[in-house]
Amino acid sequence: PLSVLSGRIDASLFRNLSKVISEFKSLSSDSPNLGPQLRFPAEQINEMISDYAETLDNQSDKDSFTALIGPLVDAAAPYTKSDALGVGGSERALQEFLKILRRWVDVELWFFEGNSYADSVDKLRKSKKENYGDVLAVCRTHARLESTTNIVVRIIDIIADALRVDLVTTKTAPLGRRISPVTGAHSLGDAIPSLSEIGSMGGSAIYGAVALRARKILLQESLPSIEQRKLRIIDIVRVLQDVVSEQCAVIPSEVIDFVDENVPLSDVFYPILNEFSSNSQRLALAELHMRKLYRAQTIKEFSRDIKEEILKFTFIAKPSESVFSATTPVSSMTDLRAISRSSSMQKLGESSDNDSDGNLLRLNQSNQIPPMTPRTAICKLVQNMEELESVDAFEKVLASFPQHSNIVPKYQAGPINVLYIIMNQCCGETPEALETLALKLQGLLSTLHNSLKQADIRRISFIFNHATDDISETFPLPAILTFRYNSNFSEDTLFRNIEPSHAYQLDLNRLAENFVVNRLDSRQTATCNVHLYKATPSRVALSKDLAADKGPRIFVRMLSFVLKFSSGSFERMFVDALNALDISVHENGFSTNNHLFMNLVSDYERIVLDPVVVEQAIVMILKRHSDRVAALGLTEIETKLVCCLSTESPPIALRMVASNPTGYVHVMNTYVESADASSSTPTFKLIGETKATLASSGDGSWEGMKVTSPYPLTRPFDSQRKAALRASDSLYCYDLPALFEAVVEQQWSDTVKEGGSITAGSRPLMVMYTSELIVQHKRIGLDSWDMQDYLNGDLELSQIQRSAGGNNVGMVAWLMTLNTVEYPHGRQVVLIANDITHKAGSFGTREDVVFKLASEFARASRIPRLYVAANSGARIGLAEHVKIMFKVAFKDPKKPENGFDFLYLAKDDFDMLNTTQKQVIAVPATYKGEEVYQITDVIGIEPDLGVENLKGSGLIAGETSTAYNDIFTMTIVLGRTVGIGAYLVRLGQRTIQKTSESPIILTGYQALNKLMGVDVYSTNDQLGGPSIMHANGISHLTAPDHLKAIMQAMEWLSFVPSIRGSLLPITDIRGIDNIDRPISFIPSPGIPYDPRFLLIGTEDSSGNWLSGFFDKGSFVETLAGWAKSVVVGRARLGGIPMGVIATENRTSEAVKPADPADVKASEAVIQEAGCVWFPNSAYKTAQAINDFRTEDLPLIVFANWRGFSGGQRDMFDEVLKYGALIVDAFVAYEQPVFVLIPPFAEIRGGAWVVLDASINKSVMEMYASAGSARGGVLEANGAASVKYRVKDLLKTMHRLDDKLKALCSKLESSEDDLENIERSISQRENELLPVYEQIAVQFCELHDTPGRMDAVGVIEREIEWSESRSFFFWRLRRKLAEFDLRRKMVKASDVGRGRKSLSSLEASSLMKEWFLEAPNMKSEMWKNDKKMLAWMAENNKLLEEKVLNLATKYVAEEVFQAMTGGGNTAHVGTAGITNGVSRAFSTMNPAQREIFKQSMKEALQL
């Protein structure tokens, strides 16, 4: 209240302020109906305050006054921030409304996603652990959702009313409709973010309704200002009015430019028409409208009858596009370009029957008017229907056509003229009113058939004003009713409200055959016209396609006129079409199987395009909007574009069809129209060697289809995709290559965005090439095969290119060549996948053979093998032929419930079943006096019935175990995987699991429930979902969806060499990180920290980046859900991939879930201390080392372990066994291993034992951070308590403390007062004991320092932590080069059994000898990594020669040993060598033989 200022501000000012406010209160009470004219006097209050402040001379007085009066100024400020007269306080009202919206969003964000209320509340509780009051407040507010939603919708409507006011053209509130209390508010734009958040909500009908309202407002706000557009159109009409009035033939340039632009006119046509009073203005507007409608045709000979308001003009259709001959090969874009340059392209329409180069044809369909035919159009403006109800009035209009008066003869092939009647009349507010109007017009036209035919009328269109009925449309599009000659001048409602000159460009006839079509909406935007139709499958079409989805879907037909094609313009059109569909989807609820057709109508004679560029641009745009496209249920996006391939070639029609079969990525197929010379209908011809065909990611389903073919109810493989989704929320296996292609493309895009040395120009055009691996019989002509053929060695694996779905076995394999960032020229990967649509993805013997041979192929090629798992385990079958014939020997046939004795077959049935192949084993028996055969064994004739499938499962289990050690293996679990499928997951080790509907199980939960006789489990996820498998280390990574799983797999693969044993994929980090930079993050002693900060850095409290050891952003953690006291993953050091293991120094939790099958069980949460190896973390460490080994990665261990947990529980849980596995893993390692003790870290006792470099000194090295690292048997405290006990402390005190020395001396020399002296000594010892205990600890700790470690030779050297990144980079480079040369040396020495080959250490020693033999090389230089690398680079050829000589030496030694060994060895060796030389000699040509003879003579001195 203002009274708080009384006595604190100037009395006169206070009186004046009080008077102004009192007058406003009085006016409000006395005249409440003033409405907008009632405005709070905020400006007057501010002016009074400002005037008084100016009278204050003293600055301190002015500052005091400003602070005192501030709250009043702030309260008045919102009432001054309004740009619309008549709406006072709009800013204040807006701010309050926005608070309500933001609060509502904050509450409902927890609930709108469709999760259960319990899950939402649980999520809310976890995020607000410290404040359960907020949780309660949110839940109470959500409980009133229906009421709060009504308030929010009303606020949105108020904001919408305010946004529709164009303050550029008006400064007053819209008094004509309804006054929004926030009109003109300065911060009106601040409502957009809140509306966007609300617009993204879904999950229930309540949220959907309010989200739809918000999206409509956002859509309207994105359109250009209607008022500004009206003003521009009116200006253009006034320019054109002069032309109309003077009947001028020359059209001003500004009119031409406006016609060419995509400025919407139809929606504001009637509002502008009603603003004009003169006929010339109205006719000019009509002419402008006609010119825009017919911009794709050539228009001439305009005539205007201003008095009668009749506009007449002639238009001519341009030549149609050409089509390719169906016999012309278009196997690639190169073929397409070559044809465009051929001479036949320039002679279209002139090719004769013997024209061998007739690659292109021009089609004139029988029901179309040929190009270059002059046609007449008349546009008549009338006020209402009454003006046309008399026949004479209509006849007067028809008389304007030249054919009506026989001035020009009628066209022989049929009518060609068109008539427009523009009614300045509303068609009604309901569809029923429009239907009534259509029937009335049809009745009128039925009386004029003869006159219409005489005028050669092809169609007549009536245009009406449309009633406003939607919040997002200030002015709706006009209603258009078109009556055609072909339908006896009755209306085809399919084309209602579509401009007839545009209708044929929408391909609507393709909808009509298989669907019942109803128009939903039409919209005109700044870039295009959008028409939406509800299409419900017809009964006839459903009877032909029984598997089709019976639900309706939306067909969006977009038409745009473009002067030139650009990716930006296409994207704007595309977004406009999505906006229109967005509204319709949420209004009608059709969110699946929707289709978008985009026809870009251009002046194709002037547009020259490269189809490859267009295809790439469209693919990139679809990728940017992929999430929205998926949310709107768009399964197919079809783009038609007519263009020229060169300046000399004629135009052709391209169709680019993008489908989204996976729901994640779009696959593009590009077609060109083709036909036979005798055909009247073109067909689609697929252009080969596009991304989709080369990557095996497209289906090419339109190949050979007629251009007019109806849209099918189902797309190819829709039934398989639905089956995969229904069976296990998985993908159809043939859609997987498209995901890999999309992920590789995304990796390139992300790498380019990082701003390093890789640019967009270095990205290859094609990122993936794929061929399918199929099993074939070696004998030509045999298509069928089985397990026995494999066992006989009669099968082989072949690479072929075939279309999707060609498999007849439930296992599919591909050889993929991926042009990744690390390998831009390509790396090969074998991909194996279950086809879950084939016998539920079960493993039969044929599936096992495909898996086995594909995996063997990967091992033979030493390339990675990926397996995508979605299966039902081993196949189970029954002998169906026996099943329908067996009989039962009941104990009492009259009482079968008493049981039975055996199963049997009648003699005839037994003979029939065993005629060609033994299907049953049975023994003769007698039943009811008849001879029968008692069944003892059912064999069956059908394949894969039972145990043979388990034999096949054992085959692939062994193969997978072998493959893990030989090559990189990984399993991506995208659906349930059961039994042998689960074992393959574990045997392949590396696993990525999708978080939903992808359990890894041995037995389904239903079977377990049946076994236990009670429904214990409710889902398979309880047995093998991510909460189990990620927490126990089976799954290394989890992904929320299929695409993310493939992305994680490709990211993992980026660390791995393309071929096992080859060079590592080293990336260029220039522009991303610096090799020689110091490490900024340094731990603080005694303070626990996240060990990941050591690896990748973090931000300090000020937001500054503190760098870590590895390249920024390169660390990828795996096995994060299991054994959290150890961190493992992969990272890059200077671009070089490495495995990394680090110690968690904080306390972590291990959660063991309660088994529902055990009613007494409860969840156990075990606290695991940091810096200690527990059974699970020791096993995790060993497993990670083995994984890194089989990935050929160098390894660094950031060691900070105090030892192993040795308590009773952990000893029982086999901590000793798992600790030993770490040693086993290190012993088998072949790449460099660095063990580094980071700052303020330590290794103690048993932990040092399993990390010491002597375990495998050929590859392992240990280092310690200078100064702060520690290592020893016990910690300093423990060592002091054992080795520096109290008696030792006392000795040290007496040796060092002067007082004690004096007291002891006094005690020895004095004979009096001994008791007091001893008391003083004891007192002094007690005083010093605490500090000397610390001294003892410090002394013990000095035995554990890096200096001593180095001195006794247990580490290589001390490393300054800040410089360790640079040191280890060069050390790693040196070691990798050294190991590579060392492997060549070992291989050269491995020639036989006569002489033991070099060990790794011996090879290194020999290499050192070679190094020291080089000029100027000294022994101390051997440890200089940079000098060693330089020596190897400079002497590369010399080293190759030395390796070759080494191999020669060992071969010679092997021959010598074989020929000189004692006894039988020498005889066998000599005979074998002679035989081998003879066989080799027989393969030589004459020249080689002469050289060999000469060398032997010289060597043997013959």
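See above for the structure.
Residues numbered from 1 in each chain as written. Predicted model: local features only at pLDDT ≥ 70, side-chain atom pairs only at ≥ 80, totals over all residues. Heavy atoms only, no water.

K.L.:
A description of the sheet that holds strand 26 (residues 930-938) should follow, citing residues and the corresponding values.
P.N.:
Sheet architecture is open: 4 strands sit in the order 23-24-26-25, paired in antiparallel fashion. Both outer strands of the open sheet, strand 23 (887-890) and strand 25 (920-927), are each paired with one neighbouring strand and no more. Within the sheet, the average angular offset between the axes of one strand and its neighbour, ignoring direction, is 50 degrees. Relative to strand 24 (residues 900-906), strand 23 runs antiparallel, the two sharing 4 bridges. Residue pairing in the sheet places Val-888 in a bridge with Leu-903 of strand 24. (Pairing = 2+ DSSP bridges. Helix = DSSP H or I, 4+ residues; strand = E, 2+ residues; numbered from the N terminus. Axes fitted to C-alpha atoms, helices over the stretch in contact; angles between N-to-C directions.)

K.L.:
Before we move on, could you go through the packing of aromatic side chains and cite the residues and values that matter?
P.N.:
With the rule as written, the count across this model stands at 43 aromatic pairs. Centroid distance Tyr-1284 to Phe-1339: 6.0 Å. Interplanar angle 85 degrees. Geometry classified as edge-to-face. In this pair, Tyr-1284 is assigned in the loop between helix 42 (1276-1283) and helix 43 (1286-1296) and Phe-1339 in helix 45 (residues 1314-1341), connecting sequence segments 55 residues apart. Residue class for Phe-1339 comes out partly exposed when judged on its relative accessible area of 43%. An aromatic cluster of at least three residues, connected via ring pairs, comprises Phe-1109, Phe-1110, Phe-1198, Phe-1234, Tyr-1263, Trp-1361, Phe-1367 and Phe-1368. Looking at Arg-846, its charged tip hangs above the ring of Trp-785, at a distance of 4.3 Å from the centre. Above the plane of the ring of Trp-1422 lies Arg-1374, whose end atom (NZ or CZ) is 4.7 Å from the centre. (Phe/Tyr/Trp six-rings, centres within 6.5 Å; stacked < 30°, edge-to-face > 60°. Buried < 20%, exposed > 50% of the residue type's maximum accessible area, 1.4 Å probe, protein only. Lys NZ or Arg CZ within 6 Å of the ring centre and 35° of its normal.)

K.L.:
Describe the pattern of salt bridges, naming the residues involved and giving the relevant values.
P.N.:
A complete count under the given rule lists 57 salt bridges for this structure. Its salt-bridge partner being Arg-496, residue Glu-435 comes within 3.2 Å of it at the nearest N-O pair. Highlighted residues: Glu-435 in helix 16 (residues 431-446) and Arg-496 in the loop between strand 9 (490-491) and helix 18 (500-503), separated in sequence by 61 residues. The partner of Glu-959 in a salt bridge is Lys-852, and the shortest N-O contact between them spans 3.2 Å. Of the two residues, Glu-959 is situated in helix 31 (residues 947-966) and Lys-852 in helix 28 (residues 845-861); the sequence distance between them amounts to 107 residues. The class for Lys-852 is buried, based on a relative accessible area of 11%. Where salt bridges share partners, they join Glu-1261, Arg-1371, Arg-1374, Lys-1375, Glu-1378 and Asp-1425 into one cluster. (Salt bridge = Lys/Arg side-chain N within 4 Å of Asp/Glu carboxyl O.)

K.L.:
How would you sum up the packing of helix 43 against helix 45? Please name residues and give values.
P.N.:
Between helix 43 and helix 45, the least distance of the axes is 9 Å, while the angle of their chain directions is 105 degrees. Compared by their axis directions, helix 43 and helix 45 come out roughly perpendicular. Where helix 43 approaches helix 45, its residues Leu-1289, Leu-1290, Thr-1292, Met-1293, His-1294 and Leu-1296 are matched on the opposing element by Ile-1321, Glu-1325, Leu-1328, Leu-1329, Tyr-1332, Glu-1333 and Ala-1336. (Parallel < 35°, antiparallel > 145°, perpendicular 65-115°, else oblique. Contact = heavy atoms within 4.5 Å.)

K.L.:
Give a description of a nonpolar patch on the surface that names residues and reports values.
P.N.:
A contiguous nonpolar patch, built from Val-1391, Val-1451, Val-1455 and Met-1459 and spanning about 270 Å² of accessible area, is present on the exposed surface. Locating Val-1455 in the fold gives a position in helix 50 (residues 1436-1460). (Patch = residues over 30% accessible without salt bridge, like charges linked within 9 Å, V, L, I, M, F, W, Y side chains within 5 Å. Areas by Shrake-Rupley, 256 points an atom, 1.4 Å probe, with all protein chains shown as cover.)

K.L.:
With reference to specific residues and values, describe the sheet that holds strand 7 (residues 457-465).
P.N.:
Here 7 strands make up an open sheet; going across it, the order is 1-2-5-6-7-8-9 and the pairing mixed. In this open sheet, the two strands that pair with only one neighbour each are strand 1 (298-305) and strand 9. Alignment of strand 2 (residues 310-316) against strand 5 (residues 375-382), held across 6 bridges, turns out to be antiparallel. Across the sheet, the residue bridging to Phe-313 is Ala-377, located in strand 5.

K.L.:
Any chance you could break down a positive patch on the surface for me, citing the residues and the numbers?
P.N.:
A cluster of basic residues, Lys-1283, Arg-1285, Lys-1287 and Lys-1291, forms a positive patch at the surface. Summarising the element assignment, Lys-1287 is placed in helix 43. Residue Lys-1287 is classed as exposed on the basis of its relative accessible area, which comes to 56%. (Lys, Arg positive; Asp, Glu negative; His and termini not counted. Charge placed at Lys NZ, Arg CZ, Asp CG, Glu CD.)

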